[in-house]
Amino acid sequence: MEDYLDWVYMGVMSVFVGGAMKKFLASHISAAPTAVAWLGVTLVVQILWSYSVPAVLGLALLCLVCCLYAARMDPVLPLSAEGKAVFITGCDTGFGKAAARRLDAQGFEVFATVLDLFGEGARDLRKTCSPRLTLLQLDITQPQQVHQALLDTKAKLGLKGLWGLVNNAGVCVNFGDAELSLMSNYRGCMEVNFFGTLNVTKAFLPLLRQSKGRIVTMSSPAGEQPFPCLAAYGASKAALNLFINTLRHELDPWGVKVSTILPSSYKTGQPSNLEYWECQYKSLIHNLSPDLLEEYGEEYIQETKDLFQRHTQTASEDLSPVIHAISEALLSPQPQLRYYAGPGVRFMYFIYSFFPMSVSDKFLQRLFVQKKVTPHALRKENGLTHNNNNNNNINNHVERIEKK
Ligand SMILES: *[C@@H]1O[C@H](CO)[C@@H](O)[C@H](O)[C@H]1NC(C)=O
């Protein structure tokens, strides 16, 4: 009987204490610390119990924890979108387009920027959204256009402030191993994902400070974890993350809240297109130095392309977790600093945060592009080493290989 009560007590305590711990510890980090908090709390309860906590103290503890837990469960009413204006970049396709549509339906006054005012994306938005929505042409790498978009937005807003900036526009000009990626890939990613977003954010900050508004930025787990073959893209998102995180605490006194969205892989924009990777592949083969092409081998690069294409096919099509996160970051009275949106992202961060690098590297390879083909030069070398081990007459073999 006593034993049975022990377990009930432990169970109840760990549920409540764990819930409270989640609120304070884990909400802004990831799912991982939640699990750790629960385990830790169960342990603490066990220890307390073994010292036989006086019943009164136990009860008091339970009450306290219940209160904390209840405070957490208290549904926080979202703010009203009515009369709030948001500016979203990159609305031609993908997250930007879906977010523009959703935020418009919620009652926001949306300023949606597109690369092409006469493209399919812009046409869809015009057709499906309310007259509140304003479409603006903007390539965020062109400071002149950023300036113009700011003027147009200000003119339309009049005295009204801007509530939110959604930094969505981004590119993945990236293909293959870091050594193989062209300088133009690195610069292309930086130009849009970092410098473009930086310029837009700086331009709109005065408006956002005025309204004590929100900045929501689309980042990527690839900006924090070393995904194979995504060095150029990842480095640009890493730079963006650091900039945004710095802004977050600098803007705190101004009352501007800053959130980052970390989506898993989704079918959005060009990279979901098989031909896109075909083009990237051809361009890489064409621009690579003959030495590198020889050492890595064409089969190796071709495999990378196949893996990218396959990965693209398995990416999620339901953008709603991301769109939901954007909306929450704009409307929650206490938005989270980071939103992990989509299948598997939390698990990925769990592995990354709590396992050795060697394990998380393996995990990322398995998850993303797991290469089977060995670079050409390594295959030759391995063949040579193998022969050496089996035969003392090294010169003989070297000679044979050189003759080939
Ligand atoms: C955006 O970039 C351009 C060119 O570098 C610069 O002249 C402009 O001042 C920038 N905008 C802001 C708001 O800093």
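Preceding block: the structure.
Residues numbered from 1 in each chain as written. Predicted model: local features only at pLDDT ≥ 70, side-chain atom pairs only at ≥ 80, totals over all residues. Heavy atoms only, no water.

**Structural notes on the packing of helix α9 (residues 274–287) against helix α11 (residues 298–314)**
If you want to describe how two helices pack, look at the angle between their axes and the distance between the axes.
Okay, step 1: Interhelical geometry of α9 versus α11 gives an angle of 160 degrees and a closest axis separation of 9 Å. In terms of axis orientation, α9 runs roughly antiparallel to α11. In this structure, the crossing between α9 and α11 has a hand that is right-handed. Residues L274, W277, E278, Y281, L284 and I285 of α9 pack against E298, I301, Q302, K305, F308, Q309, T312 and Q313 of α11.
Okay, step 2: Residues that form the contact of α9 with α11 fall into these classes: 7 nonpolar, 4 polar and 3 charged. (Axes fitted to C-alpha atoms, helices over the stretch in contact; angles between N-to-C directions. Helix = DSSP H or I, 4+ residues; strand = E, 2+ residues; numbered from the N terminus. Parallel < 35°, antiparallel > 145°, perpendicular 65-115°, else oblique. Left-handed = near helix turned anticlockwise from the far one by under 90°. Contact = heavy atoms within 4.5 Å. Nonpolar A, V, L, I, M, F, W, Y, C, P; charged D, E, K, R; others polar.)

**A look at the pattern of salt bridges**
Okay, step 1: Per the stated rule, a full pass over the model turns up 9 salt bridges.
Okay, step 2: Residues K371 and D177 are paired through a salt bridge, measuring 2.6 Å at the closest nitrogen-oxygen approach. Pair noted here: K371 is in the loop between α14 (357–367) and α15 (376–390) and D177 is in the loop between β4 (164–167) and α7 (183–211), with a separation of 194 residues, a long-range link.
Okay, step 3: Classification of D177 as buried rests on a relative accessible area of 15%.
Okay, step 4: Of the charged contacts, one joins E278 and K305 as a salt bridge, the two residues approaching to 3.1 Å between their closest N and O atoms. Separated by 27 residues along the polypeptide, E278 in helix α9 and K305 in helix α11 bring together distant segments of the chain.
Okay, step 5: Judged by its relative accessible area of 28%, E278 falls in the partly exposed class.
Okay, step 6: For K305, a relative accessible area of 5% gives the class buried.
Okay, step 7: The network of salt bridges with shared partners includes E278, K305 and D306. (Salt bridge = Lys/Arg side-chain N within 4 Å of Asp/Glu carboxyl O. Buried < 20%, exposed > 50% of the residue type's maximum accessible area, 1.4 Å probe, protein only.)

**Here's the deal with the site of the ligand**
Okay, step 1: P143, N199, K202 and A203 make up every residue found near the ligand.
Okay, step 2: Residue N199 places a side-chain N or O atom 2.3 Å away from an oxygen atom belonging to the ligand.
Okay, step 3: When the ligand is considered free in solution it has 360 Å² of accessible area, and contact with the protein chains removes 41% of it.
Okay, step 4: By residue number, the principal contributor to the shell around the ligand is α7, which donates 3 residues.
Okay, step 5: Broken down by class, the residue content of the shell around the ligand amounts to 2 nonpolar, 1 polar and 1 charged. (Near = heavy atom within 4 Å. Polar contact = N/O pair within 3.5 Å; in protein donor to acceptor, adjacent residues only side chain to side chain. Areas by Shrake-Rupley, 256 points an atom, 1.4 Å probe, with all protein chains shown as cover.)

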